[in-house]
Amino acid sequence: MAFFAKPRSSTRLGYRRRLFLRSFSSEHARDNDIVIVGGGPAGLALAAALAANPIAKNSLKITLVEGGDLSKIQDWGMPPNAYSNRVSSITHTTQHFLNRIGIWDYVEHARTNPIHQMQVWDGVSGARITFDASVIPESSEMARMTENLNLQRALLRKLSDTPSVQVIHSVKVESIQREAGDHNDWPLVHLSNGATLRARLLVGADGFNSPVRSFAGISSYGWSYDTQAVVATLNHAPRGPFQVPNNTAYQRFLPTGPIAFLPLSPCTSSLVWSTKPHLAAALNKSSPGVLEQLINAAFRLPEPSLQYIYKRLLEGTKSNEEIKEEIMFRERSDGISSHSAYASATSMLSDGGIPPDDADALPPLVTSIQQGTTASFPLRYNHAESYIGEGAGSRTVLVGDAAHTVHPLAGQGLNLGLGDVDALSRCIIQALRHGGDIGSYTALIPYARERYFENHKVMSAVDKLHKVYSSTAQPVVWARSVGLEVINELDSVKAALMMNAGASSRLQNASGWDLFAKSIESLAGAASTSKMVSGMIGAGMQELAKNAGQRIFGRP
């Protein structure tokens, strides 16, 4: 890989070699087989996947354009016990793809953490479901947590050994135009450094506000949720000798939004708390001590008590001691023993002692928040109406967030994007094998057919999951709770759910279904049987049973 960027006096050395700084002449457009706009995980992975194939490597001229400074990511590093606040769960299906294109070996494995178990429960009724990797054939973990920067750095390190891919960073796309005439209307990408790139195929991996999607004239539909995500990196004591290691992910569905506790190391975990915008703003402005206590309470206190504490927080109760006193009062009022794992402010449990029976049902108590990791961002649902440009927008294709944006409660954004990359790279290689035009609509349509519906059903299930758990109506709470507890008793069905979620390498071509998204389809069976929440979520029990029979027992 060669790096191209604006000359800077402060340009840093890359991981293996100096970043070569050049500029292009603006007099002539440079011909490329593929121009990828966007240097996030999806764009970098597409370049790496194509470079890993001998046919594509020897046939294609590939250029990637990124407006940010990729040298900072290539040189990124943090102390062993410090973690960034943007993390993802990498499923086995995604790991298999990254292994196949030679990326996983470049990931710093010491900064990844396996998920062996997942506990999910209803914040209103307390109904709970537990997923355990031990029930999956030939699998020891459900997924693996890693920082997004760890993956991006691995992709850049791999590409640094790949001269067939050119990366232009610290250079923005100023405009994209259609060239008529000699080059079959190839897109022209005009860059802020004066260079112009002519693309046989233009790939949009450029995020939600995609310039490539705008150029292609591809409309999208969606909405903003009335929620925001609060993220942070949490410190806590290690699990005791009588407890399981910190390899369990926890998620509690509250009416204001889900709160998730994702393990990164024995003493560190990541928070993703989706909640109402006004509460997110108050949490984001809170002192670290107040936020620690609110996180601990959000996993433990009954929902009415949480609403009371949120009200006091919004009214101006913001000191550490005031919040602690409120939580202590609510714990005593709710009859929570100080020797129970459900106690936080009144807890009398000591580290290293014999834990209570319910200790593994809850995440460890947060002791501090890593400085500078608390952040908040809005949540939205968005899906492009097509992944391929036509007419005036031909020779364009979308991947990742440029094509779809999903609620983070299922942790599927990155997996869906890398699933797109896997499918598109295979589609391009297939066109090359048959001597086809990689930028033509007919060459790209297999990619859209493979990914559009697969992404849509995951996104729709996650959206319905968010909506059904936002309700406090008694019929809805009853139906979802009964459905969840019924599924929790069916180990073979839970194994099928996890395998569909990409937790087993046996399903290498399966979509990156998250177990939450699949569980809501199963839950819908109970909801429709009760006839109380009919129409809120799609029925999927029949298909689930069929899949379970095929994948668990090897027969229909």
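Residues numbered from 1 in each chain as written. Predicted model: local features only at pLDDT ≥ 70, side-chain atom pairs only at ≥ 80, totals over all residues. Heavy atoms only, no water.

1. Examining the overall build of the protein
Then, number 1: Of regular secondary structure, the protein possesses 16 helices and 20 strands.
Then, number 2: By the burial criterion, 58% of the 556 residues in the protein qualify as buried.
Then, number 3: Relative to all contacts within the protein whose residues are 6 or more apart in sequence, the contacts with residues 24 or more apart total 74%.
Then, number 4: Of the accessible surface of the protein, which amounts to about 22100 Å², a share of 50% is contributed by carbon and sulfur atoms. (Helix = DSSP H or I, 4+ residues; strand = E, 2+ residues; numbered from the N terminus. Buried < 20%, exposed > 50% of the residue type's maximum accessible area, 1.4 Å probe, protein only. Contact = heavy atoms within 4.5 Å. Areas by Shrake-Rupley, 256 points an atom, 1.4 Å probe, with all protein chains shown as cover.)

2. A word on the pairing of strand β16 (residues 268–275)
Residues in a regular strand project their side chains so that they alternate between the two faces of the sheet.
Then, number 1: The buried fraction of β16 amounts to eight of the eight residues, a majority that puts the element mostly inside the structure.
Then, number 2: On β16, burial covers both faces: Thr-268, Ser-270, Val-272 and Ser-274 on one face and Ser-269, Leu-271, Trp-273 and Thr-275 on the other are all buried.
Then, number 3: Pairing of strand β13 (residues 220–236) with β16 involves eight bridges; the strand directions are antiparallel. The residue of β16 that forms the bridge with Gln-228 is Thr-275.
Then, number 4: For strand β15 (residues 257–265) and β16, the ladder comprises six bridges, and the chain directions are antiparallel. Bridge assignment links Ser-265 to a residue of β16, and that residue is Thr-268. (Pairing = 2+ DSSP bridges.)

3. Section: the packing of helix α4 (residues 92–100) against helix α11 (residues 413–433)
Then, number 1: In contact at an axis separation of 10 Å, α4 and α11 are set at 45 degrees when each is read in the N-to-C sense. Between α4 and α11, the crossing angle belongs to the class labelled oblique. Like other packed secondary-structure pairs, α4 and α11 cross with a definite hand, here left-handed. Contacts between α4 and α11 involve Thr-94, Phe-97, Leu-98 and Arg-100 from the first element and Asn-415, Leu-418, Val-421 and Asp-422 from the second.
Then, number 2: The residue inventory of the contact of α4 with α11, partitioned by class, reads four nonpolar, two polar and two charged. (Axes fitted to C-alpha atoms, helices over the stretch in contact; angles between N-to-C directions. Parallel < 35°, antiparallel > 145°, perpendicular 65-115°, else oblique. Left-handed = near helix turned anticlockwise from the far one by under 90°. Nonpolar A, V, L, I, M, F, W, Y, C, P; charged D, E, K, R; others polar.)

4. Details of the confidence of the model for the protein
Then, number 1: Mean pLDDT over the protein works out to 83, with 81% of the residues at or above the 70 mark.
Then, number 2: The element-level mean pLDDT for the protein is lowest in helix α16 (residues 541–552), coming to 40, with strand β19 (residues 396–398) highest at 97.
Then, number 3: Every residue in residues 6–27 is under pLDDT 50, and counting partners more than four places away or in other chains gives 46 contacts.
Then, number 4: For residues 506–556, every residue scores under 50 in pLDDT, and the model assigns this stretch 104 contacts once sequence neighbours within four places are set aside. (pLDDT = per-residue confidence, 0-100.)

5. A word on the nonpolar core
Then, number 1: In this structure, Ile-34, Ile-36, Leu-202, Val-203 and Leu-424 are the most contacted members of the largest nonpolar core, which totals 73 residues.
Then, number 2: The residues touching Leu-424, leaving out its near neighbours within four places in the chain, are Leu-46, Val-203, Val-397, Val-399, Leu-444 and Tyr-447. (Core = buried A, V, L, I, M, F, W, Y, C linked by side-chain atoms within 4.5 Å.)

6. Digging into the side chain of Gln-119
Then, number 1: Tracing the sequence through the fold places Gln-119 in strand β6 (residues 117–122).
Then, number 2: Residue classification places Gln-119 among the buried residues on the basis of a relative accessible area of 6%.
Then, number 3: One polar contact links the side chain of Gln-119 to the main-chain carbonyl oxygen of Asp-360, over a distance of 3.0 Å.
Then, number 4: Residues in contact with Gln-119, not counting those within four places in the same chain, are Arg-128, Ile-129, Thr-130, Thr-248, Ala-249, Tyr-250, Gln-251, Asp-360 and Ala-361. (Polar contact = N/O pair within 3.5 Å; in protein donor to acceptor, adjacent residues only side chain to side chain.)

7. What to know about the side chain of Asn-415
Then, number 1: Of note, Asn-415 is situated in helix α11.
Then, number 2: Separated by 2.6 Å, the side chains of Asn-415 and Thr-94 make a polar contact.
Then, number 3: Not counting residues within four places of it along the chain, the set of residues in contact with Asn-415 comprises Ser-89, Ile-90, Thr-91 and Thr-94.

8. Some remarks on the pattern of salt bridges
Then, number 1: The full count for this structure, using the stated rule, is 17 salt bridges.
Then, number 2: Ionic pairing is found between Arg-144 and Glu-141, a salt bridge with its closest N-O pair at 2.9 Å.
Then, number 3: Judged by its relative accessible area of 8%, Glu-141 falls in the buried class.
Then, number 4: A salt bridge links Arg-426 to Glu-450; its shortest N-O distance comes to 2.7 Å. Remark: Glu-450 occurs in helix α12 (residues 441–469) and Arg-426 occurs in helix α11; sequence separation between them is 24 residues.
Then, number 5: The exposure class of Glu-450 is partly exposed, given its relative accessible area of 35%.
Then, number 6: Here the residues in one salt-bridge network are Asp-33, Arg-200, Arg-395 and Asp-437, joined through shared partners. (Salt bridge = Lys/Arg side-chain N within 4 Å of Asp/Glu carboxyl O.)

9. Let's talk about the pairing of strand β5 (residues 112–115)
Then, number 1: Burial along β5 is two-sided: Thr-112 and Pro-114 and Asn-113 and Ile-115, pointing in opposite directions, are all buried.
Then, number 2: Pairing of β5 with strand β8 (residues 143–147), which is carried by four bridges, proceeds in the antiparallel orientation. When the sheet's bridge partners are listed, Ile-115 is paired in β8 with Ala-143.

10. Structural notes on the environment of Thr-94
Then, number 1: Looking at the element boundaries, Thr-94 is found in helix α4.
Then, number 2: For the pair formed by Thr-94 and Leu-416, sequence separation is 322 residues and the distance between their alpha carbons is 9.0 Å.

11. Focus on the sheet that holds β5
Then, number 1: The three strands are arranged β4-β8-β5 in an open sheet whose pairing can be described as antiparallel. Each edge of the sheet is formed by a strand with only one pairing partner; in this case those strands are β4 (87–91) and β5. Neighbour-to-neighbour, the strand axes of this sheet turn through a mean angle of 30 degrees, independent of strand direction.
Then, number 2: Along the sheet, helix α5 (residues 148–159) makes contact with β4, β5 and β8, crossing β8 at roughly 85 degrees.

12. Overview of the packing of helix α9 (residues 303–315) against helix α10 (residues 320–333)
Then, number 1: Interaxial distance between α9 and α10 falls to 10 Å at its minimum, and their mutual angle equals 160 degrees. Accordingly, the angle class assigned to the pair α9 and α10 is roughly antiparallel. Along this stretch, α9 crosses α10, giving a crossing that reads as right-handed. Taken together, the residues of α10 that come into contact with α9 (itself represented by Ser-305, Tyr-308, Ile-309, Arg-312 and Leu-313) are Ile-323, Glu-326, Ile-327 and Arg-330.
Then, number 2: Here the residues of the contact of α9 with α10 sort into five nonpolar, one polar and three charged.

13. Focus on helix α7 (residues 277–285)
Then, number 1: Where α7 is concerned, the buried positions are Leu-279, Ala-280, Ala-282 and Leu-283. For α7, the angular spread of buried residues about the axis comes to 165 degrees, placing them on one side.
Then, number 2: Its buried side turned inward, α7 meets β13, β16, α8 (288–298), α9 and β18 (375–384). (Arc of directions from axis to C-beta.)

14. Focus on helix α13 (residues 474–488)
Then, number 1: In a regular helix each residue adds 1.5 Å, so 15 residues correspond to 21 Å; α13 covers 21 Å between its end C-alpha atoms and thus fits that length.
Then, number 2: For α13, the set of buried residues is Val-476, Val-477, Ala-479, Arg-480, Ser-481, Gly-483, Leu-484, Ile-487 and Asn-488. (Expected span 1.5 Å × (residues − 1).)

15. Focus on the packing of aromatic side chains
The geometry of an aromatic ring pair is captured by the separation of the ring centres together with the interplanar angle, meaning the angle of the planes.
Then, number 1: Scanning the entire structure with this criterion turns up nine aromatic pairs.
Then, number 2: Ring centres of Tyr-221 and Tyr-381 lie 6.3 Å apart, and the angle between their planes is 45 degrees; this geometry places the pair in the tilted category. In this pair, Tyr-221 sits in strand β13 while Tyr-381 sits in strand β18, placing the two residues 160 residues apart along the sequence.
Then, number 3: Take Tyr-381: its relative accessible area is 3%, and that puts it in the buried class.
Then, number 4: Ring geometry for Tyr-387 against Tyr-447: centres 5.9 Å apart, planes inclined by 35 degrees, an arrangement best described as tilted. Of this pair, Tyr-387 sits in the loop between β18 and β19 while Tyr-447 sits in helix α12; the two residues are 60 residues apart in sequence, bridging distant segments of the chain. Like Tyr-387, the residue Tyr-447 is buried in the burial classification.
Then, number 5: What links up through ring pairs into an aromatic cluster is the set Trp-121, Tyr-250, Phe-261 and Phe-299.
Then, number 6: One residue, Arg-111, lies across the ring of Tyr-83, its end atom 4.4 Å from the ring centre. (Phe/Tyr/Trp six-rings, centres within 6.5 Å; stacked < 30°, edge-to-face > 60°. Lys NZ or Arg CZ within 6 Å of the ring centre and 35° of its normal.)

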